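# Structural description and commentary
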Amino acid sequence: MILTVTLNPAYDMTYRVQNLEPGRAHRVTAVEQRVGGPGINVTRVLNQIGKYSRATGFADHPFSAVAERELPVDFVHALPWVRRTVVISECSDGTATALREPGPHITTPDAVDQLLVRVAGLLVDSSGIVISGSLPGGVRDSIPAELARLALDAGVPVVCDVDGRALAEAARVPGVVLMPNIRELEYVAGISPQTTGDVVDVARTLVEGGAGAVVVTRGADGMVAVTAAGAWSASLPEPIAGNPTGAGDAAAASVIAALAAAVDPDWPAILTEAVATSAAAVVMAVAGEVDLSLRQRLGAEVRIEELLLEEGGAARA
């Protein structure tokens, strides 16, 4: 089993319109609502690609009841309500605009302790864990790092896809695999990486600080992975147009699936699958789904490049 943790879940609302034009009324052609949040999306993708996954984290009773009709879930009921995310998907070209609510404030005194105990129990049967998404109010920034330490101490590989101060805390956990995007990497580094070499240099400081690997998602530019053994970039010859919401979650699902099955990770192969899976999610209208046939075809098209580290830390192809 692969476990996912979503601390701040959401009801995902998708509105489909022909063209989104600011300042005018629109006729919505279709509406979809489902339970979501980054870790839940990861669980959906894992189950879709044939890897059994269970979702945990925080929720309220109504959200949990809806989720368990679709997915294996085991939530701590500590939220007073669950936020919404709204994605406006344009039928003309598939582009999407997302609006994300911040979420509630947890007031249950022992909610975090309950979650730590819940995760510790579930780790016994887990081959991997993904901790992803934002934090609700009232949850300390160190919680993703504490969950990661629990898992790594149990010998379970961890992918941590969080941002802000939570990412900075998680980056100090020895052995954790981090999956920031460029904006999140910039927050941790305090500088804006402009080139692939810059991305590698910043990611390498995190690896030197203890991270087992850093996989940087770069949207249409693909991904970069940095480990103590080397660095690689992966991309498609042409970017895939569509809805990027959930593409990072699909990539995280692919990475943890590989780490859960491998004693000695093959990072070029992991990057190839991650880029293909992420792109196969972009063509879907809702997060948490991938086009499996497209994923298989794109795997043969991904371009992998080893990045050589020069003396002094600079990276070059």
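The coordinates are above.
For every chain, the first residue of the written sequence is number 1, and numbering continues from 1 along that sequence. A pLDDT threshold of at least 70 governs which residues receive local features in this predicted model, and a stricter bar of 80 or more applies before side-chain atom pairs are shown or counted, although totals over entire chains, interfaces and linings include all residues. Hydrogen atoms and water are omitted, and side-chain values are computed over all heavy atoms in the structure.

### Remarks on the overall build of the protein chain
This is how the line gets drawn: In this text, helices come from DSSP runs of H or I with a minimum length of four residues, and strands from runs of E with a minimum of two, each type numbered from the N-terminal end. Within these notes, the globule rule equals 2.2 Å times the number of residues to the 0.38 power, and the radius of gyration is based on C-alpha atoms. Each residue is placed in one exposure class: buried if its accessible area under a 1.4 Å probe, protein chains only, is under 20% of its type's maximum, exposed if it is over 50%, and partly exposed if it falls in between. The contact criterion used is simple: two residues touch if any of their non-hydrogen atoms lie within 4.5 Å. Each accessible area is a Shrake-Rupley result for a 1.4 Å probe, and residues are judged covered by the shown protein chains and nothing else. The charge count includes Lys and Arg as positive and Asp and Glu as negative, but it does not include His or the ends of the chains. Charge positions are represented by NZ for Lys, CZ for Arg, CG for Asp and CD for Glu.
Broken down by element type, the protein chain carries 10 helices and 15 strands. Relative to a compact globule of 317 residues, whose C-alpha radius of gyration would be 20 Å, the protein chain shows 19 Å and is just as compact. By its C-alpha atoms, the protein chain is 55 × 50 × 35 Å across when sized along the principal axes. Taken across its 317 residues, the protein chain has 52% of its residues classed as buried. A fraction of 64% describes how many contacts in the protein chain between residues 6 or more apart in sequence connect residues 24 or more apart. A total of about 13600 Å² of accessible surface is found on the protein chain, and carbon and sulfur atoms cover 50% of it. Separation between the mean location of the 23 positive side-chain charges and that of the 37 negative ones in the protein chain comes to 5 Å.

### What about helix α4 (residues 143-153)?
Taken residue by residue, α4 has Ile143, Pro144, Ala145, Leu147, Ala148 and Ala151 as its buried positions. Once α4 finishes, Gly155 follows within two positions and takes phi at roughly 80 degrees, a positive value.

### Structural notes on the environment of Asn19
As for its placement among the helices and strands, Asn19 is situated in the loop between β2 (10-17) and β3 (30-36). As a C-alpha pair, Asn19 and Val159 span 140 residues in sequence and 37 Å in three-dimensional space. When sequence neighbours within four positions are dropped, the list of residues in contact with Asn19 reads Arg24, His26, Glu90 and Ser92.

### Remarks on the packing of helix α8 (residues 247-261) against helix α9 (residues 267-282)
Working note: a packed helix pair is described by the angle between its axes plus the distance between those axes. Counted only if it meets this: Lines fitted to C-alpha atoms define the axes, with helix axes restricted to the stretch in contact, and inter-axis angles between N-to-C directions lie between 0 and 180 degrees. Note on convention: near helix rotated counterclockwise from far helix by under a right angle means a left-handed crossing. Clockwise means right-handed. When residues are grouped by polarity, Ala, Val, Leu, Ile, Met, Phe, Trp, Tyr, Cys and Pro land in nonpolar, Asp, Glu, Lys and Arg in charged, and all others, Gly among them, in polar.
Contact geometry of α8 with α9 gives a least axis separation of 8 Å together with a crossing angle of 145 degrees. Two packed elements cross with a definite hand, and for α8 against α9 that hand is right-handed. Here Ala247, Ala250, Ala251, Ser254, Val255, Ala258 and Leu259 of α8 come into contact with α9, specifically with Trp267, Ile270, Glu273, Ala274, Thr277, Ser278, Ala281 and Val282. Residues that form the contact of α8 with α9 fall into these classes: 11 nonpolar, 3 polar and 1 charged.

### Things to note about the side chain of Thr272
Condition: Polar contact is defined as a pair of N or O atoms within 3.5 Å, subject to the rule that within protein one atom must be able to donate a hydrogen and the other to accept it, and that residues adjacent in sequence are counted only when both atoms are side-chain atoms.
Considering the arrangement of structural elements, one finds Thr272 in helix α9. Within polar-contact distance, the side chain of Thr272 engages the backbone oxygen of Pro268 at 2.9 Å. In contact with Thr272, not counting residues within four places along its chain, are Gly299, Val302 and Ile304.

### Considerations on helix α3 (residues 111-122)
Formally: Residue count minus one, scaled by 1.5 Å, sets the expected span of a helix. The arc in question is formed by the directions pointing from the helix axis toward the C-beta atoms.
Over its 12 residues, α3 extends 17 Å from the first C-alpha to the last, a length consistent with the 16 Å expected when each residue adds 1.5 Å. Within the sequence span of α3, burial applies to Ala111, Val112, Leu115, Leu116, Val119 and Leu122. One side of α3 carries all its buried residues, which in axial view fall inside an arc of 135 degrees. Check the buried side of α3 and you find it contacts β1 (2-6), β4 (53-59), β5 (73-77), β8 (128-132) and α4.

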